[in-house]
Amino acid sequence: MRVVVDQDLCGTTGQCVLTLPGTFRQRKPDGVAEVCVATVPQALHAAVLLAASQCPVAAIRVIESDTGDGERASADPAPSPAEAERHAAKDQRNPGGHDGTV
Ligand code: SF4
């Protein structure tokens, strides 16, 4: 399992850091949450799901597969036009493309 934070959505409440300080941390300058593990250990899966469910702005996304293949569980393998447009706009705003994973 992997987990990412949508840093454009993060409201800097720190709830995820309080729930799982070894998995999430807040950036020093602005308090935006980051993920500090590449993959989530099995023992923490339930806690990460809880943290994601408790995020007040739904900025935490859980990816079931370590390779990212499980992110899209639906039968539609291609992103919707709206989703593709959103990612393109995000890339223009943040050319570095940081998704919250360290
Ligand atoms: S709980 Fe959500 S809004 Fe709060 S710091 Fe974590 S990711 Fe950001």
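Before any of the text, the structure's been laid out above.
Residues numbered from 1 in each chain as written. Predicted model: local features only at pLDDT ≥ 70, side-chain atom pairs only at ≥ 80, totals over all residues. Heavy atoms only, no water.

Draft legend 1. Layout of unusual backbone geometry. Of note, Thr12 is a non-glycine position whose phi angle comes to about 60°, a positive value. Within the fold, Thr12 resides in the loop between strand 1 (2-5) and helix 1 (15-19). Accessibility expressed as a relative area gives 33% for Thr12, which makes it partly exposed. Backbone geometry places Ala58, a non-glycine residue, at a positive phi of 55°. Along the polypeptide, Ala58 turns up in the loop between helix 2 (45-54) and strand 4 (60-63). Overall, Ala58 belongs to the exposed group, its relative accessible area being 55%. (Helix = DSSP H or I, 4+ residues; strand = E, 2+ residues; numbered from the N terminus. Buried < 20%, exposed > 50% of the residue type's maximum accessible area, 1.4 Å probe, protein only.)

Draft legend 2. Structural view of the pattern of salt bridges. Enumeration over the complete set of coordinates arrives at 2 salt bridges. Asp30 is paired through a salt bridge with Arg27; the nearest N and O atoms lie 2.5 Å apart. (Salt bridge = Lys/Arg side-chain N within 4 Å of Asp/Glu carboxyl O.)

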